[in-house]
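Listed below are the residues making up each chain.
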Amino acid sequence: MSKLLIRGAGAVDIPKIMKIEQLCYDFPWVQSHFETALQQPNCMVMCLERENNIVGYFVALQIPDELHLLNITVNSQCHNQGYCHFMLDWLFAYSRCVSIKIMLLEVRPSNLVARHIYEKLGFKHIGTRKAYYPAKQGREDGFVMSKDI
């Protein structure tokens with residue numbers, strides 16, 4: 001794997017992030033979601049770069065003792081190369097450094113690949129948010145998953 005860098009995103013990165021977001025999801029975040037996240041002092045918007053190209057990103061909300069992963073995405077052209085694990089490992093290390101006790105996220109039940117990654121890394125299904133995500137046929141539930149740090 002070539003050298004990877006996780007760095008804070010800026011407004012200049014939003015068009016590249018949006019391109020990846022729109023390629024990866026049927027119901028992508030809109031640009032204003034990322035712009036708002038960038039302006040929140042307790043929110044991290046981070047890019048994963050390889051050879052000066054953004055190959056992934058994540059958005060996480062930090063509240064006392066807790067980190068809520070709101071979005072983690074790897075460019076679909078870069079799947080199966082360990083980038084999601086790399087970003088999650090970075091988040092685990094960061095969380096330990098700032099005394100985070102638990103990480104939370106939501107995932108679509110139909111997203112078997114993501115669920116497998118989260119379960120492999122120790123996340124547990126702790127609840128369900130009914131009709132949480134938009135879907136082609138109405139709405140899809142969101143599984144709430146947590147991991148003790």
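Coordinates for the structure precede this section.
This report concerns the structure included in the present document. (Residues numbered from 1 in each chain as written. Predicted model: local features only at pLDDT ≥ 70, side-chain atom pairs only at ≥ 80, totals over all residues. Heavy atoms only, no water.)

1. Remarks on the packing of helix 3 (residues 83-97) against helix 4 (residues 112-120)
Moving on, step 1. Look at helix 3 against helix 4: their axes get within 11 Å of each other, and the N-to-C directions meet at 45°. Considering the angle they form, helix 3 stands oblique to helix 4. Here helix 3 runs over helix 4; the crossing is right-handed. Each of Cys84, His85 and Leu88 in helix 3 lies in contact with helix 4, whose residues at this interface are Ile117, Tyr118 and Lys120.
Moving on, step 2. Among the residues forming the contact of helix 3 with helix 4, the class breakdown is four nonpolar, one polar and one charged. (Axes fitted to C-alpha atoms, helices over the stretch in contact; angles between N-to-C directions. Helix = DSSP H or I, 4+ residues; strand = E, 2+ residues; numbered from the N terminus. Parallel < 35°, antiparallel > 145°, perpendicular 65-115°, else oblique. Left-handed = near helix turned anticlockwise from the far one by under 90°. Contact = heavy atoms within 4.5 Å. Nonpolar A, V, L, I, M, F, W, Y, C, P; charged D, E, K, R; others polar.)

2. Examining the side chain of Lys147
Moving on, step 1. By the secondary structure assignment, Lys147 is in strand 7 (residues 138-148).
Moving on, step 2. A polar atom in the side chain of Lys147 sits 2.8 Å from the backbone oxygen of Leu121.
Moving on, step 3. Ignoring any residue separated from it by four or fewer positions in sequence, one finds Lys147 in contact with Phe92, Lys101, Ile102, Met103, Leu121, Gly122 and Phe123. (Polar contact = N/O pair within 3.5 Å; in protein donor to acceptor, adjacent residues only side chain to side chain.)

3. Structural notes on the packing of aromatic side chains
Moving on, step 1. Under the criterion given, the structure shown has seven aromatic pairs.
Moving on, step 2. Where Trp29 meets Phe34, the ring centres are 4.9 Å apart and the plane angle is 45°; that geometry is what we call tilted.
Moving on, step 3. With centroids separated by 5.7 Å and ring planes inclined at 45°, the aromatic side chains of Phe58 and Trp90 adopt a geometry described as tilted. Taken together, the residues Phe58 in strand 3 (residues 53-63) and Trp90 in helix 3 connect sequence positions 32 residues apart.
Moving on, step 4. Exposure remark for Phe58: the relative accessible area of 0% places this residue in the buried category.
Moving on, step 5. Feature note: the residues Trp29, Phe34 and Tyr57 constitute an aromatic cluster, connected by ring pairs.
Moving on, step 6. The positively charged end of Lys147 is found above the aromatic ring belonging to Phe92, 5.0 Å away from the centroid. (Phe/Tyr/Trp six-rings, centres within 6.5 Å; stacked < 30°, edge-to-face > 60°. Buried < 20%, exposed > 50% of the residue type's maximum accessible area, 1.4 Å probe, protein only. Lys NZ or Arg CZ within 6 Å of the ring centre and 35° of its normal.)

4. Details of the environment of Val107
Moving on, step 1. Relative to the helices and strands, Val107 is located in strand 5 (residues 102-107).
Moving on, step 2. Residues Val107 and Ser2, 105 residues apart in the sequence, show an inter-C-alpha distance of 29 Å.
Moving on, step 3. Not counting residues within four places of it along the chain, the set of residues in contact with Val107 comprises Ala114, Arg115, Tyr118, Tyr133, Asp141, Gly142, Phe143 and Met145.

5. Let's talk about the layout of surface pockets
Moving on, step 1. Considered as a void within the structure, the largest pocket measures approximately 1300 Å³ in volume.
Moving on, step 2. Lining the largest pocket are 42 residues, and of these Tyr25, Ile72, Thr73, Asn111 and Ala114 lie nearest its centre.
Moving on, step 3. Elements represented by at least two residues in the lining of the largest pocket include exactly helix 1 (14-24), strand 4 (66-74), helix 3, strand 5, helix 4 and strand 6 (124-135).
Moving on, step 4. Classifying every residue of the lining of the largest pocket gives 24 nonpolar, 12 polar and six charged. (1 Å grid on protein atoms, 1.4 Å probe; cavity = no way out; pocket = protein on both sides within 12 Å on 5 of 7 lines; lining within 4 Å. Points joined across faces, edges and corners; volume = space filled by probe spheres on them.)

6. Brief notes about the sheet that holds strand 1 (residues 4-8)
Moving on, step 1. Strand order in this open sheet of seven strands is 1-2-3-4-5-7-6, and the pairing throughout is mixed. Only two strands of the sheet have a single neighbouring strand rather than two, namely strand 1 and strand 6. The mean angle between the axes of side-by-side strands here comes to 25°, regardless of whether they run parallel or antiparallel.
Moving on, step 2. For strand 3 and strand 4, the ladder comprises eight bridges, and the chain directions are antiparallel. (Pairing = 2+ DSSP bridges.)

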